[in-house]
Amino acid sequence: MSFFPVIIIGAGAAGLMCAAQAAARGRQVLLLDHANKPGKKILMSGGGRCNFTNMYCEPANFLSHNPHFCKSALARYSQWDFVELVVKHDVPYHEKKLGQLFCDRKASDILNLLLAECDEHGVDLRLDTSIETITKLDGGYRLHTSAGEFSCESLVIATGGLSIPTLGATGFGYQVAKQFGHTLLPTRAGLVPFTITEPQLKALCTELSGTSVEDCVVSCNGVSFKENILFTHRGLSGPAILQISSYWQPGDAISINLLPHIDLPAWLASQQQDRPNSELKTLLAELFTKKMAGLLAEQWFVSKPLKQYTPAELEAVAQKLAEWTLVPAGTEGYRTAEVTLGGIDTREVSSKTMESQKSPGLYFIGEVLDVTGHLGGFNFQWAWASAHAAAQFV
């Protein structure tokens, strides 16, 4: 049986970061993963460009049943600390919008950066290694794996959540937490598109599949996001939809303001005065695509010359465009979700060290914990920050 002071399970963003940082402290680290390649989720993130952090990252950008938990780690390893690492490795990057930092070239730049850090500090990375059993020892843990038996003082679980199983996601981390007495909070897909089954609405979405509407305000349960929405043949997607999905529960209605930048009642009244013979669909075609304008005019309103609308009818048009309310049938689930909401209850984990309060020497980092960021680089920043926190103590 081989002994390593630190064993980390999961060679994704959090696991690679923790391995590199712990090894930099002089700890001998073994990093294990059941996949054939490390960092698969990093490579597909941000459309292949990896939105690796956000300039405006703060605790308010995270959801958790224990909202104060993330504050300590985020304060001790900020977005600027990771940017410093990016600069150190000469990785060119840019701000896309809203503080989102992306690689200029490919997401592999971030993966290569992490692998280079691991290599520099002597991390022993072993892939294609499945964990069969974990046993608690006096002062450590024993792992029975497909590559033999290993023991350690500190065991770090960095196996992520349930999102995108095609990239190797499993519930392994939750099983380990449960084995050692941890409470698991209900998990569900987050940052995920909505599905629509109501026939007329589904027909609208299918007809408009691929159409994007910029800067809509999407609201649910007292929370709003202003971003683009995208019609799909299954329902609705786009950044604003993905963001609000984390706050949505089955049966909840969402409200969409398609034109938040326009005072619609005043604008429609002025258009009626200036262009009384123009049809409503002609007017809407100046705000949306011609196809979308025609469909909305056909399905939502009776398109006729503006002079034929009463003030009450115009008010109804304005209200529908500003408060389009619908109840999604559901979400596309973990198959396309970017993150997993819920997970290991952080009230049983140290916010300073990420160490289990149930089983000394056991640590949890990244997505496996009940900490979920907004869209836009925040989940990567939680991976870096939680990994750094644990790395100082393992």
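All residue numbers refer to position in the chain's written sequence, counted from 1. In keeping with the model being predicted, local features are shown solely for residues with a pLDDT of at least 70 and side-chain atom pairs are shown and tallied solely at 80 or more, while totals for entire chains, interfaces and linings include all residues. Excluded from the side-chain calculations are hydrogens and water; all other atoms, namely the structure's heavy atoms, are used.

Trainee: Lay out the UniProt feature "signal peptide" (unreviewed entry) in the chain with the relevant residues and their values.
Mentor: According to UniProt, the feature "signal peptide" (unreviewed entry) maps to residues 1-22 in the numbering used here. The span residues 1-22 is 45% helix and 36% strand, and its two end C-alpha atoms sit 22 Å from each other. UniProt positions are given in the numbering used here, feature names are shortened, and annotations may be inferred rather than shown by experiment. Secondary structure counts use DSSP, requiring at least four H or I residues in a row for a helix and at least two E residues in a row for a strand, with both numbered from the N terminus.

Trainee: How would you explain the packing of aromatic side chains if you had to name every residue and give the values?
Mentor: Pairing of aromatic rings covers Phe, Tyr and Trp, the last through its six-membered ring, and needs centres within 6.5 Å; plane angles under 30 degrees mean stacked, over 60 mean edge-to-face, and all others mean tilted. Considering all chains together, one arrives at 13 aromatic pairs under this definition. Pairing Trp-300 with Phe-301 gives two aromatic rings, centres 6.1 Å apart and planes at 90°, and the pair type is edge-to-face. Judged by its relative accessible area of 11%, Phe-301 falls in the buried class. Between Phe-380 and Trp-384, the ring centres sit 5.5 Å apart and the planes meet at 10°, which makes this aromatic pair stacked. Of the two residues, Phe-380 and Trp-384 both sit in helix α13 (residues 378-391), four residues apart, roughly one turn of that helix. Each of the two residues, Phe-380 as well as Trp-384, counts as buried. Grouped by ring-pair contacts, the aromatic residues Phe-52, Phe-82, Tyr-93, Phe-380 and Trp-384 constitute a single cluster. Working definition: with a 1.4 Å probe on protein chains only, accessible area under 20% of the residue-type maximum means buried, over 50% means exposed, and in between means partly exposed.

Trainee: Which residues make up the environment of Glu-298, and what values do they have?
Mentor: Mapped onto the fold, Glu-298 is located in helix α11 (residues 290-299). Of the residues examined, Glu-298 reaches a relative accessible area of 63% and is grouped as exposed. Put simply, Glu-298 and Lys-281 are 17 residues apart on the chain and 8.3 Å apart in space, counted from C-alpha to C-alpha.

Trainee: For the pattern of salt bridges, give the residues involved together with the corresponding values.
Mentor: A pairing counts as a salt bridge when a side-chain nitrogen of Lys or Arg comes within 4 Å of a carboxyl oxygen of Asp or Glu. According to the stated counting rule, one finds twelve salt bridges in the structure shown. We note a salt bridge from Arg-27 to Glu-153, for which the minimum N-O separation is 3.0 Å. Pair noted here: Arg-27 is in the loop between α1 (13-24) and β2 (29-32) and Glu-153 is in strand β10 (residues 148-157), with a separation of 126 residues, a long-range link. With relative accessibility at 22%, the residue Arg-27 sits in the partly exposed group. Here Glu-207 makes a salt bridge to Lys-291, at a shortest N to O gap of 3.8 Å. Of this pair, Glu-207 sits in helix α7 (residues 199-207) while Lys-291 sits in helix α11, and the two are 84 residues apart along the sequence.

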